[in-house]
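Working through the structure, step by step
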Amino acid sequence: MRDPLFRMALLLGLLSAVGPFAIDMYLPALPQVASDLGTTEAGAALTLTSYFIVFGFAQMIYGPMADAVGRKKPLVIGVAIFLAATVAASLAPTIGWLIAARALQGLGAATLMAVPRAVIRDMATGPAAARMMAAIMIVISVSPMLAPLTGSAVMAWGGWREIFAVLAAAALLSLGLILFVLPETLPAERRRPVRLAAMTAGARRLLSDRRFLGLTMIGGFGMASFFVFLASASFVYTRQYGLSPTGFSLAFAVNAVGFFTASQFAGRLAERFGMERVISLAITGFAGLSLALSLVVLAGFDALAVVIAGLFVANACLGLVMPTAMVMSLDPHPDIAGLASSLGGTLQMLTGGLMIAVTGPLLDNTAATMVPAITLCAALAWAAAAASLPRLRLLA
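Keep in mind the model is a prediction, meaning the values are calculated, not measured.

1. Quick look at the nonpolar core
Of all hydrophobic cores here, the largest spans 121 residues; its most connected members are Phe52, Leu98, Tyr237, Val307 and Met370. Setting aside residues no more than four positions away along its own chain, phenylalanine 52 makes contact with Ile23, Phe227, Leu230, Met349 and Ile356. The next biggest cluster of nonpolar side chains, apart from the first, holds seven residues, and it includes Leu206, Phe212, Ile336 and Ala340.

2. Topic: unusual backbone geometry
Positive phi, normally seen in glycine, also occurs at asparagine 365, with a value near 65 degrees. Looking at the secondary structure, you find asparagine 365 in the loop between helix 17 (337–359) and helix 18 (367–388).

3. Let's talk about the pattern of salt bridges
Counted under the stated rule, the structure contains three salt bridges. A salt bridge links arginine 71 to aspartate 67; its shortest N-O distance comes to 3.0 Å. Take arginine 71: its relative accessible area is 2%, and that puts it in the buried class. The class of aspartate 67 is buried, set by a relative accessible area of 8%. For arginine 190, the salt bridge identified is with aspartate 122, shortest N-O distance 3.4 Å. Placement of the pair is arginine 190 in the loop between helix 10 (160–180) and helix 11 (196–207) and aspartate 122 in helix 7 (residues 111–123), with a sequence separation of 68 residues.

About the thresholds
Residue numbering note: each chain is counted from 1, following its sequence as written. Under the rules for a predicted model, residues below a pLDDT of 70 receive no local features and side-chain atom pairs below 80 are neither given nor counted, while totals for whole chains, interfaces and linings still include all residues. Side-chain metrics in this entry use all non-hydrogen atoms of the structure; hydrogen atoms and water are not considered. What makes a nonpolar core is a set of buried Ala, Val, Leu, Ile, Met, Phe, Trp, Tyr and Cys residues whose side-chain atoms join them at distances within 4.5 Å. Here's how the labels work: a residue is buried when its accessible area is under 20% of the maximum for its type, exposed when over 50%, partly exposed in between, all with a 1.4 Å probe on protein chains only. Contacts are residue-level and defined by heavy atoms, with any inter-residue pair within 4.5 Å sufficient. Counting from the N terminus, the helices are the DSSP runs of H or I reaching at least four residues and the strands are the DSSP runs of E reaching at least two. Salt bridge, as applied in this entry: a Lys or Arg side-chain nitrogen positioned within 4 Å of an Asp or Glu carboxyl oxygen.

Function-wise, these values are silent; they only describe arrangement.
Pasting the structure below:
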């Protein structure tokens, strides 16, 4: 990849990491939040659910906005909202206040999901875009590896409220990068005014595109597996296995390493074997390895090392799936890349939120329920590929 593209990918990665940091850095604090605000574990988990749901819907705002006014203005607006919401979250006196503040955080952070993907589409397509997406994930990979550890360190001298103070500082840095470093990649002559009729026509075109929907739902159920893990892992690791917040953070980081390490090979493998073959093999591997881990855990072999190792290899396959699916879904729609990015992101986030709601009542803070819930998401991702993308050689 040429240096300008790589530098742009690193910049977009820094911006895109703010949203995941707002999730991952907060995870070790969930038990403390439940205790301090006098709520249940399910109540504390709602602070994640509200973030995800609003995050999903808000992408439908920023995508069309980015097609109409350029890429920078939606980023500035969204990050400003995120900053204000983060300050509100740090002052939350009740769980209801915190849930609302987290929802507003999701409203702001959504711009950092929808717009960078459109910027990538402005600059590259095919394997080159996949390499840019993988480079972004190099930076984003810092989040699941360092964000929980950072959250644990902050809690060691402060508490969960101080976590939001650190996030506010990250938001300020992001605003500076957007205003003074990020170039505008959508020239005025390529902008499309926001018109309801045009948006409806574009959405209808995308929703009638079987390939777009198939790739989006593959990514959606893949993302849902990670959301289920996010919602349950802190309780499973601390309650069943007795880990401290720092111990949980380390275990969480190991689980995420497989995903982000594998994602770095997505572009190279796509160039050598083709993107369709890569995603076919990777989604089959993800589903198969998740199922194998479920069978092992349900058979009683649920030691912490077994769970961590099993999730590591399964997530490595998922790391090949996500960037490839994103690029393949956007490539055929360069004229409505912002809308396609936001609609795809919305469907994926809503799928993730729905799977948390579906599996939540079945989870009991043990690996014996968490791992099968992840496997369900993996199986649905494979089914989406089998049903919607018949050309993919799923077993080849």
